[in-house]
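Spelled out from the first residue to the last, the chains are:
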Amino acid sequence: LDEPTHLADLKARRIEPIGVVACNLYPFRSDPSVEMIDIGGPTMVRAAAKNFAHVAVVVDPADYGIVLDELKSEGGVLAETRRRLARAAFAHVAAYDAAIVSWFDENDRRAGAAEGRDPLPPTVHLALERAQDLRYGENPHQAGARYRSIGGGAGWWDSVVQHGGRELSYLNLFDADAAWRLVHEVVQLEGAPAAAVIVKHANPCGVAVGPDLATAYARAFEADPISAFGGIVALSGPVNAQVGEAIVANPLADVLIAPSFDGDALKQFSERRKNMRALEAVAPGPVGLVLRQIDGGWLVQEPDRLLADRGSWRVVT
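Residues numbered from 1 in each chain as written. Predicted model: local features only at pLDDT ≥ 70, side-chain atom pairs only at ≥ 80, totals over all residues. Heavy atoms only, no water.

(A) Just the environment of Ala-12, in detail. Within the element layout of this structure, Ala-12 appears in helix H1 (residues 4-12). Look at Ala-12 and you get exposed, because its relative accessible area is 63%. Separated by 24 residues in the primary sequence, Ala-12 and Met-36 place their C-alpha atoms 38 Å from one another. (Helix = DSSP H or I, 4+ residues; strand = E, 2+ residues; numbered from the N terminus. Buried < 20%, exposed > 50% of the residue type's maximum accessible area, 1.4 Å probe, protein only.)

(B) Molecular detail of the packing of helix H7 (residues 241-249) against helix H8 (residues 263-272). Closest axis-to-axis distance for the H7/H8 pair is 8 Å, and the angle between their directions is 20°. As far as their axial angle goes, H8 and H7 are roughly parallel. Remark: the crossing between H7 and H8 carries right-handed chirality. Each of Ala-241, Gly-244, Glu-245, Ile-247 and Val-248 in H7 lies in contact with H8, whose residues at this interface are Asp-264, Ala-265, Gln-268, Phe-269 and Arg-272. A per-class count over the contact of H7 with H8 returns five nonpolar, two polar and three charged. (Axes fitted to C-alpha atoms, helices over the stretch in contact; angles between N-to-C directions. Parallel < 35°, antiparallel > 145°, perpendicular 65-115°, else oblique. Left-handed = near helix turned anticlockwise from the far one by under 90°. Contact = heavy atoms within 4.5 Å. Nonpolar A, V, L, I, M, F, W, Y, C, P; charged D, E, K, R; others polar.)

(C) Inspection of the nonpolar core at higher detail. Of all hydrophobic cores here, the largest spans 26 residues; its most connected members are Ile-198, Tyr-217, Leu-235, Val-239, Ile-247, Leu-256 and Phe-269. Mapped by element, the contributors of at least two residues to this core are strand E6 (194-200), strand E7 (203-210), helix H6 (213-223), strand E8 (232-235), H7, strand E9 (255-258) and H8. Excluding its chain neighbours within four sequence positions, the residues that come into contact with Ile-247 are Tyr-217, Leu-235, Leu-256, Phe-269, Arg-273 and Met-276. With 23 residues, the next largest nonpolar core counts Trp-157, Ala-176, Val-183 and Val-187 among its residues. (Core = buried A, V, L, I, M, F, W, Y, C linked by side-chain atoms within 4.5 Å.)

(D) Spotlight on the packing of aromatic side chains. Under the counting rule described, the total for this entry stands at seven aromatic pairs. Geometrically, the ring pair formed by Phe-28 and Trp-103 is edge-to-face, given 5.6 Å between the ring centres and 90° between the ring planes. Within this pair, whereas Phe-28 is found in the loop between strand E1 (20-22) and helix H2 (40-50), its partner Trp-103 is found in helix H4 (residues 79-113), the two being separated by 75 residues in sequence. The interplanar angle of 85° and the centroid separation of 6.2 Å between the aromatic rings of Phe-261 and Phe-269 together place this pair among those described as edge-to-face. Assessed through its relative accessible area of 4%, Phe-269 is described here as buried. Three or more aromatic residues joined by ring pairs make a cluster, and in this case those are Phe-28, Tyr-96, Trp-103 and Phe-104. (Phe/Tyr/Trp six-rings, centres within 6.5 Å; stacked < 30°, edge-to-face > 60°.)

(E) Molecular detail of the sheet that holds E8. Here we have six strands laid out as an open sheet, ordered E5-E10-E9-E8-E6-E7, and mixed in their pairing. Bordering the open sheet on either side are strand E5 (161-163) and E7, each of which pairs with just one other strand. In this sheet, adjacent strand axes meet at a mean angle of 15° when their direction is disregarded. As judged from the four bridges shared by E6 and E8, these two strands associate in the antiparallel manner. Bridge pairing in E8 places Ile-198 opposite Val-233. (Pairing = 2+ DSSP bridges.)

(F) The packing of H6 against H7, seen in detail. Running from N to C, H6 and H7 point in directions that differ by 15°, and their axes come no closer than 9 Å. Here H6 lies roughly parallel to H7, going by the angle between them. Like other packed secondary-structure pairs, H6 and H7 cross with a definite hand, here right-handed. For the pair H6 and H7, contact is made by Leu-213, Ala-214 and Tyr-217 and by Gln-242, Val-243, Ala-246 and Ile-247, respectively.

Below, the structure is given as structure tokens:
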């Protein structure tokens, strides 16, 4: 709108400039199919976002109220808001395209699994949104946050209920995720009534199964009582007063994860383990590709799974 010839063309054709574009794309993530791949919507969104100097583009209903308020109070959408909305729009389209590519990759992976084809895709496209601010990153001077896949469905971290303790840090989540996945793998592999895992510095220092949760925890702790201090404890079943007493009698665990806690156990923790985070969690979902950053790129691999049954294990000393 700052080009005189453009303004003259608009005036000659009696066209009013567009000030706001609100667009919702076809719901591909909830109903992935060729028919749900939007074509015109992303084009309109990108065009409006490119012209953010003059146009406000809205792709998130959460922004409707902000835009309406500014239109009423200011007579237009403020420049700072238009720029933020433009960034959100490009991110929205990028995430939409990433979901489509991932859909193709997943279909190809399933089709090729039986044929022994390469399980790794030629490209990897991540679209993440910040879901949780953390106390700090790997070290206290680093900022840290948990991000989740946009439109990828909620993971177990999204429904965690924290009972007591301070805000979680980067390493708390990193180690807790490893412990929680391992305890579920072990209890399924063994077919045991109960399992316990203790992780310290991203490595298991105690893993055990038992006829009940108290026994499994005692066995896991006995594997390495020294490393258990400040570690992450994951238990496969509900924590009652008996299990809670065993936990508070041992060195402090930074994080305890279990499917549920009864009132007596939580009372013990609040009185004798105020700094311990007790996390109530649902079972973890399937793991996708595992990524780790290196200089100039990423290492990508399939998830590691326990494949051998216990009957094939051998102890060598």
